[in-house]
Amino acid sequence: MSSSIKLWFFRMRFNVAVFMCGSVLLAACSSLPPVSALVAQKSKGVSCTTTGETAPPQSELAIIALRHTVETGPLYTIPAAEGVVSCSVRHEPDTIAIEYQFKNGGWLRVKRNSSIEYTEQEARFLLSPVEQPTAVLANAERTAFGTNGCGIDWHQGNRQPAADDSSAIEEVFRGDVCNCQGRVRRDAVGRVVGLLLRSAC
């Protein structure tokens, strides 16, 4: 076989290979869902009702991202293990509020104000005695802020009566980043009935 014929065959095989690879890549890329759908796939898929103002696309993505963070954290996953009754999302300018109701009678309320970078997760449910509340909150801190958390010292807490119930006691733990704060709430007999994580960067 002459060198010109060999060169022609080589070029034909190369062009076919390029065409096939390009077709595969085009099909793969064209089948990818939009960014919002990709983020939503990471969520637990809990259906939420929406109230308040209609959120613009950027806020919709912020809601999806916030839900993903919350729904992968222990303040949600522990009570949600027994089932979720409802979820509601309210959007106002600069503010997102999410509330979950659980089958065990507990709830989780989340607030995010982007204008002042304020975020709060407050959960009320009866924590099992086998769970260490500070370990649960430390896990929630890492879920929200990454491996290093936000500097909360879980070994130094100050106890004080709860503002809304004099029979309950709250132990407050503070951090040195973003005004982070964690709270463990106990009822009159010492059971852990509430957990809170708050930050304002």
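The following paragraphs examine the structure supplied in this document. What you are looking at is a predicted structure, and each value in this text was computed from that prediction instead of being measured.

With that out of the way, let us pick up the pattern of salt bridges. Pairs may arise between side chains of opposite charge once their charged atoms sit close together. Scanning the entire structure with this criterion turns up 12 salt bridges. Across the salt bridge formed by Arg124 and Glu122, the nearest N and O atoms sit 3.0 Å from each other. Judged on exposure class, the residue Arg124 and its partner Glu122 are both buried. With a shortest N-O distance of 2.7 Å, Arg191 and Asp187 are connected by a salt bridge. Bridged by salt links that share partners, the residues Glu122, Arg124, Asp164, Glu170, Arg183 and Arg185 form one connected network.

Once that is clear, we can look at the pairing of strand S2 (residues 84-92). In the sheet, strand S1 (residues 49-52) pairs with S2 via 4 bridges, with the strands oriented parallel. Bridging across to S2, Gly52 finds its partner in His91. Where S2 lies against strand S3 (residues 95-102), 8 bridges are found, and the strand directions are antiparallel. Along S3, the bridge assignment pairs Arg90 with Ala97. Between the antiparallel neighbours S2 and S3 lie 2 residues, among them Asp94 with a positive phi of about 70°.

A few words now on the pairing of strand S6 (residues 157-162). For S6 and strand S7 (residues 165-174), the ladder comprises 6 bridges, and the chain directions are antiparallel. Pairing of Gln160 across the sheet is with Glu170, part of S7. The antiparallel hairpin formed by S6 and S7 contains 2 residues in its connecting segment.

Right, let's get into helix H5 (residues 133-145). With 13 residues, H5 extends 18 Å between its outermost C-alpha atoms, agreeing within 8% with the 18 Å of an ideal straight helix rising 1.5 Å per residue. Of all the positions in H5, only Pro133, Val136, Leu137, Ala138, Ala140 and Glu141 are classed as buried. Along its buried surface, H5 packs onto helix H4 (74-80), strand S8 (181-186) and strand S9 (192-200). Within two residues after H5, Gly146 carries a phi angle of roughly 95°, on the positive side.

On to unusual backbone geometry, then. Of note, Asp94 is a non-glycine position whose phi angle comes to about 70°, a positive value. Positionally, Asp94 belongs in the loop between S2 and S3. Even without a glycine there, the phi angle at Glu117 is positive, about 55°. Inspection of the secondary structure puts Glu117 in the loop between strand S4 (107-113) and strand S5 (118-124).

The sheet built from 9 strands is open, its strands ordered S1-S2-S3-S4-S5-S9-S8-S7-S6 with mixed pairing. Each edge of the open sheet is held by one strand with a lone partner, namely S1 and S6. Between one strand axis and the next, the sheet turns by 15° as a mean value, whatever way the strands run. Taken together, the 6 bridges between S7 and S8 define a ladder with antiparallel strand orientation. Residue pairing in the sheet places Glu171 in a bridge with Val184 of S8. Lying on the sheet, helix H3 (residues 57-71) is in contact with S2, S3, S4 and S5; it crosses S3 at an angle near 40°. On top of the sheet, H5 reaches S7, S8 and S9; it is set at about 30° to S9, its chief contact.

Thresholds, definitions, all that
Residues numbered from 1 in each chain as written. Predicted model: local features only at pLDDT ≥ 70, side-chain atom pairs only at ≥ 80, totals over all residues. Heavy atoms only, no water. Salt bridge = Lys/Arg side-chain N within 4 Å of Asp/Glu carboxyl O. Buried < 20%, exposed > 50% of the residue type's maximum accessible area, 1.4 Å probe, protein only. Pairing = 2+ DSSP bridges. Helix = DSSP H or I, 4+ residues; strand = E, 2+ residues; numbered from the N terminus. Expected span 1.5 Å × (residues − 1). Contact = heavy atoms within 4.5 Å. Axes fitted to C-alpha atoms, helices over the stretch in contact; angles between N-to-C directions.

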